[in-house]
Structure formats: structure tokens, C-alpha cells
Amino acid sequence: MSYGVTVNVTAATAAVTTAVAGSGDHRRRKAAPTTTLRLVIRGQGRFQIQGEATLHPTTESFYVADADLLTGRHEVMTSRQTNAIKSLSEMLSLLLREWMTSVIDANLISRKTLRHYMQSLHQDSDADQEDPLPMSPMDRAHYVAALLNPSVSNLYKTPVCMDIRPAMLACTNDYDRLALAVQAMQSSLDHVTGKTSEF
């Protein structure tokens with residue numbers, strides 16, 4: 001599961017440069033000063049920043065940092081954590097079904113819009129018909145983070161959860177990711193149903 005970031009930019013200058021990371025594809029095009037551009041960035045791998053990010057020495061207009069690619073890296077878990085993954089996954093599936101009903105009943109989103117958005121999150125996943133969540137623990141947790149904190153502006157009439165994406169990306173193993181997803185889903189469910197007021 002990858003996260004998308006949408007940035008709306010109003011061009012203050014007459015030229016805009018777009019680049020696709022890692023592709024070597026750089027395009028420069030003219031834009032009128034009042035043009036609004038929508039830039040969508042979607043990461044395809046996980047990485048961890050090493051050390052502190054610093055301003056680029058030449059331009060001082062962006063930050064640079066060393067990063068380690070985490071995709072495929074062995075994650076360390078205790079036997080207790082490994083054994084708990086299945087029950088956390090099952091709990092997440094049950095919470096998701098209840099949450100879906102609750103956000104629809106609270107008129108925060110229509111059934112059709114929610115179904116469409118959830119299907120869009122499955123572009124590369126291995127979910128089955130019984131369970132809308134992907135099969136792998138990491139994908140399940142990332143799916144929930146994308147569902148609770150969508151990159152699509154105004155998907156829900158009001159926010160349904162505090163932003164868990166930074167915490168999700170900082171998790172070091174599947175147990176931590178699933179535990180965070182379960183906690184966030186329960187917290188969102190409590191907020192949507194009025195049991196608590198999160199924000």
C-alpha cells in the first residue's frame with residue numbers, strides 16, 4: 001500500500017517544472033500566474049531517513065537526507081508479537097465492518113463513495129471478496145491508515161480520525177502497524193458514533 005499526497009499549488013511565477021522521481025523525466029511548461037495545478041505524488045516503497053535532513057547547499061530551497069530503502073528488509077518481532085498478528089488482523093476486519101456502517105449511518109460519506117474509494121485503495125492488493133482488507137499484515141495496516149486519513153480532500157464531511165500516517169510510517173514491524181491500525185480504527189469508531197470526541 002502506498003500513500004498519496006495531493007498538493008494544490010497556485011502558480012506565482014510564469015513557469016512550472018514537474019519531475020517524476022527516479023524516472024529522469026523533467027518537463028518545463030508555461031503556466032499563467034493564476035493557474036492552479038494539482039500535483040499528486042504516490043510513493044512506491046518504504047524508506048527510513050538516516051540522520052537529520054539539511055537544506056540543499058546550493059539552492060537552500062529544499063531539504064536533502066540520506067535514506068535506507070526498507071522494502072524487503074527483515075523485521076524483528078518477539079514471539080508474543082508474532083503470535084498476536086492473526087488476532088489483530090481478525091479484530092481489524094471486525095472493526096472495519098462496524099466502522100463502515102457507522103460512517104455511512106452518520107452521513108459522513110455515501111455508501112457508493114466509500115465503496116469506490118475502498119476499491120481504489122486495492123489497486124495492487126491481494127484482498128478477497130469476504131474481507132475488504134488486503135491479506136498481508138503490513139498492507140492491512142497501511143490500508144486502514146489510507147482509509148482513515150485519505151489523501152483525497154474532503155472525502156468525509158468531517159475528519160474521522162486524527163492523522164496516524166506519520167506514526168504508521170515510523171512503525172518498525174507488522175505487530176506495531178496492526179496494533180496502531182486497530183487502535184486508530186477503534187478510536188475513529190468511538191468518535192463517529194459519539195462515544196468520545198477526538199477533536
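One can find the structure itself at the top, above this paragraph.
Because the structure is predicted, anything quoted here is derived from the model rather than measured.

Novice: For helix α2 (residues 111-121), give the residues involved together with the corresponding values.
Specialist: Those residues of α2 that sit buried are Leu114, Tyr117, Met118 and Leu121. One side of α2 holds all its buried residues, which, seen down the axis, span an arc of 100 degrees. Of the exposed residues in α2, the ones pointing more than 90 degrees away from its buried face are Lys112, His116 and Gln119. Lining the buried residues of α2 we find α1 (79-105) and α3 (137-148).

Novice: Tell me what's going on with the packing of α3 against helix α5 (residues 174-192), and back it up with residues and numbers.
Specialist: α5 packs onto α3 with a crossing angle of 30 degrees between their chain directions and a minimal axis gap of 9 Å. As far as their axial angle goes, α5 and α3 are roughly parallel. α3 and α5 meet at a crossing whose hand is left-handed. Together, Pro137, Met138, Arg140, Ala141, His142, Val144 and Leu148 of α3 and Asp174, Arg177, Leu178, Ala181, Ala184, Met185 and Ser188 of α5 make up the contact between the two elements.

Novice: Before we move on, could you go through the packing of α1 against α3 and cite the residues and values that matter?
Specialist: The geometry of α1 relative to α3 is characterised by a closest axis approach of 11 Å and an angle of 30 degrees between their N-to-C directions. What the angle tells us is that α1 and α3 run roughly parallel. Crossing of α1 over α3 shows left-handed handedness. Where α1 approaches α3, its residues Ile85, Ser89, Leu92, Ser93, Leu96 and Trp99 are matched on the opposing element by Pro137, Arg140, Val144, Leu147 and Leu148. Residues of the contact of α1 with α3, tallied by class, amount to 8 nonpolar, 2 polar and 1 charged.

Parameters and conventions
Residues numbered from 1 in each chain as written. Predicted model: local features only at pLDDT ≥ 70, side-chain atom pairs only at ≥ 80, totals over all residues. Heavy atoms only, no water. Buried < 20%, exposed > 50% of the residue type's maximum accessible area, 1.4 Å probe, protein only. Helix = DSSP H or I, 4+ residues; strand = E, 2+ residues; numbered from the N terminus. Arc of directions from axis to C-beta. Contact = heavy atoms within 4.5 Å. Axes fitted to C-alpha atoms, helices over the stretch in contact; angles between N-to-C directions. Parallel < 35°, antiparallel > 145°, perpendicular 65-115°, else oblique. Left-handed = near helix turned anticlockwise from the far one by under 90°. Nonpolar A, V, L, I, M, F, W, Y, C, P; charged D, E, K, R; others polar.

Interpretation in functional terms is not warranted from these geometric data alone.
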